[in-house]
Amino acid sequence: MKSRLFLLIALALTAAASASAEGTLKTQIREIIAGADARVGVAVIADGDTLTVNGSPDYPLMSVMKLHQAVAVARILEERGLPLTTTVHIYVQDLKAGTWSPLRDARPGGGFDMSVAELLRYTLQQSDNNACDILFDRFAAPEHVDSIIRSMGFRDFRIAATEDEMHRDLKKCRENVSSPLSAADLMDRLASGTLPLGKEYADFIRSTLLECRTGLNRLPLPLEGSGALIGHKTGTSDREADGRWTGINDVGFVLLPDGRSYTLAVFISDSALGMEENEKLIADISGAVYSELSGR
């Protein structure tokens, strides 16, 4: 009887400590974003628990949707029995001008073959818009990507527009949307190996995200020198006619040196702040989450 009582007390104390930590972290996040002339949504997943602040489902994803695309393309390859080394032909008309595309800058003439793995490195690590639209064209249009991700059990998101469509009409940027928690859940399940996706494909996406080269002043900034590793995907819009940013985002999984991990999504939309201020908001939230969950 005593052992059962002690167990109940221990469980109650653990639950109370967890609730206290969550409340403290949520308070810190609200203090960081207080007064910002922007909508800021945050989701944290750690040890199966979730924390959300401003969890609306209509934050523009921007290039975070390339994570959804990568998972969908990998699923299609798996279903067709094709490896990541499968190649597609790149035509000059695929390499559109006036959009962010390191691929076009490196090989502007087109007329070459490239593996799906390399195209995914361009989309996930450098957020290449032409590489993204090549994958939409060759493997799955936005609506098909949406359907595949929904079949895996995800909700509170929508993929409906290509990069070219968003570039030609800024209103289309608001057709690819998500709640912070839905995006964090996708990243968390990818990181934990619980997505319904073959190990070869999931491992490739994870390792590619760990080498992401964009947004280093966002989620990764406060982790520098800590020994923690981060795999993440950013999203960045242009300014709209009123001077506000449609969306400045970052979603990532963090691997702590002691073997624990957590996932964090920060979405900023309709922001009147400067880019440095937007990125500092994301970095400050990342720092608060890291401090709380690492015990530092």
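Relevant structure appears above.
Conventions and cut-offs
Residues numbered from 1 in each chain as written. Predicted model: local features only at pLDDT ≥ 70, side-chain atom pairs only at ≥ 80, totals over all residues. Heavy atoms only, no water. Axes fitted to C-alpha atoms, helices over the stretch in contact; angles between N-to-C directions. Helix = DSSP H or I, 4+ residues; strand = E, 2+ residues; numbered from the N terminus. Parallel < 35°, antiparallel > 145°, perpendicular 65-115°, else oblique. Left-handed = near helix turned anticlockwise from the far one by under 90°. Contact = heavy atoms within 4.5 Å. Nonpolar A, V, L, I, M, F, W, Y, C, P; charged D, E, K, R; others polar. Phe/Tyr/Trp six-rings, centres within 6.5 Å; stacked < 30°, edge-to-face > 60°. Lys NZ or Arg CZ within 6 Å of the ring centre and 35° of its normal. Core = buried A, V, L, I, M, F, W, Y, C linked by side-chain atoms within 4.5 Å. Buried < 20%, exposed > 50% of the residue type's maximum accessible area, 1.4 Å probe, protein only. Salt bridge = Lys/Arg side-chain N within 4 Å of Asp/Glu carboxyl O. Pairing = 2+ DSSP bridges. Polar contact = N/O pair within 3.5 Å; in protein donor to acceptor, adjacent residues only side chain to side chain. Disulfide = S-S within 2.5 Å.

Asks: How would you explain the packing of helix H2 (residues 65-80) against helix H5 (residues 129-138) if you had to name every residue and give the values?
Replies: With their axes 11 Å apart at the nearest point, H2 and H5 run at an angle of 40 degrees to one another. Put simply, H2 runs oblique to H5. Between H2 and H5 lies a crossing of left-handed hand. Contacts from Met 65, Lys 66, Gln 69 and Val 73 of H2 reach H5 at Asn 129, Cys 132, Leu 135 and Phe 136. For the contact of H2 with H5, the per-class residue count stands at 5 nonpolar, 2 polar and 1 charged.

Asks: Account for the packing of aromatic side chains, with residues named and values stated.
Replies: Across all of its chains, the model carries 1 aromatic pair by this definition. Note that Arg 39 overlies the ring of Tyr 59, its terminal NZ or CZ placed 4.5 Å from the centroid. Note that Arg 150 overlies the ring of Phe 157, its terminal NZ or CZ placed 4.4 Å from the centroid.

Asks: Explain the nonpolar core to me, using residue names and the numbers behind them.
Replies: Val 71, Leu 103, Leu 119 and Ile 205 are the most contacted members of the largest nonpolar core, which totals 61 residues. No other element matches the 9 residues that H2 contributes to this core. Residues in contact with Leu 119, not counting those within four places in the same chain, are Val 88, Ile 90, Leu 103, Met 114, Ala 131, Ile 134 and Leu 135. Formed by 28 residues, the second largest nonpolar core is a distinct cluster that contains Leu 51, Trp 245, Ile 285 and Tyr 290.

Asks: An account of unusual backbone geometry is needed here, citing residue identities and associated values.
Replies: One non-glycine residue, Asn 54, lies in the positive phi region at around 55 degrees. Examined against the element boundaries, Asn 54 turns out to sit in the loop between strand E2 (49-53) and strand E3 (59-60). Among the residues examined, Asn 54 registers a relative accessible area of 35% and is labelled partly exposed. For Ser 127, which is not glycine, the phi dihedral falls at a positive 55 degrees. Summarising the element assignment, Ser 127 is placed in the loop between helix H4 (116-126) and H5. Given the relative accessible area of 9%, Ser 127 is considered buried.

Asks: How would you explain the pattern of salt bridges if you had to name every residue and give the values?
Replies: This structure, assessed with the given rule, holds 19 salt bridges. Among the salt bridges present, the one from Arg 138 reaches Asp 94, with a minimum N-O distance of 2.6 Å. Taken together, the residues span a long stretch of sequence, with Arg 138 in helix H5 and Asp 94 in the loop between strand E4 (87-90) and helix H3 (102-106) at a distance of 44 residues. On the accessibility criterion, Arg 138 (24% relative accessible area) is partly exposed. A single salt-bridge network, built from bridges that share partners, covers Arg 39, Asp 58, Arg 174, Glu 240 and Asp 270.

Asks: Describe the sheet that holds strand E7 (residues 177-178), naming the residues involved and giving the relevant values.
Replies: Taken in spatial order, the 3 strands make up an open sheet running E3-E7-E6, and their pairing is antiparallel. If you trace the sheet from one side to the other, it starts and ends with E3 and strand E6 (157-158), each paired once. Pairing of E6 with E7 involves 2 bridges; the strand directions are antiparallel. The partner of Arg 158 across the bridge, within E7, is Val 177.

Asks: I'd like a rundown of the sheet that holds strand E10 (residues 261-271), residues and numbers included.
Replies: One open sheet holds the 5 strands; their spatial order is E2-E1-E10-E9-E8, and the pairing between them is antiparallel. Bordering the open sheet on either side are E2 and strand E8 (229-236), each of which pairs with just one other strand. Each neighbouring strand pair of the sheet contributes to a mean axis angle of 10 degrees, computed without reference to strand direction. Taken strand by strand, helix H8 (residues 180-192) contacts strand E1 (39-46), E2, E8, strand E9 (245-255) and E10, and its axis lies near 30 degrees from that of E1. Against the sheet, helix H10 (residues 275-294) engages E1, E8, E9 and E10, with an angle of about 155 degrees to E10.

Asks: Explain H5 residue by residue, including any values.
Replies: The periodicity of an α-helix, 3.6 residues per turn, causes residues three or four places apart in sequence to face the same way. Among the 10 residues of H5, 8 are classified as buried, and the element is accordingly described as predominantly covered. The inward-facing, buried residues of H5 abut H2, E4, H3, H4, helix H6 (142-151) and helix H7 (163-168). Capping the start of H5, Asp 128 holds a side-chain oxygen 3.0 Å from the backbone nitrogen of Asn 130, two or three residues further along.

Asks: Before we move on, could you go through the state of the cysteines and cite the residues and values that matter?
Replies: Following the criterion strictly, the structure yields 0 disulfides and no others. Free cysteine: Cys 173, not disulfide-bonded; nearest cysteine sulfur from Cys 132 at 12 Å. Look at Cys 173 and you get buried, because its relative accessible area is 4%. With no disulfide of its own, Cys 212 has Cys 132 as its nearest cysteine by sulfur position, at a separation of 14 Å.

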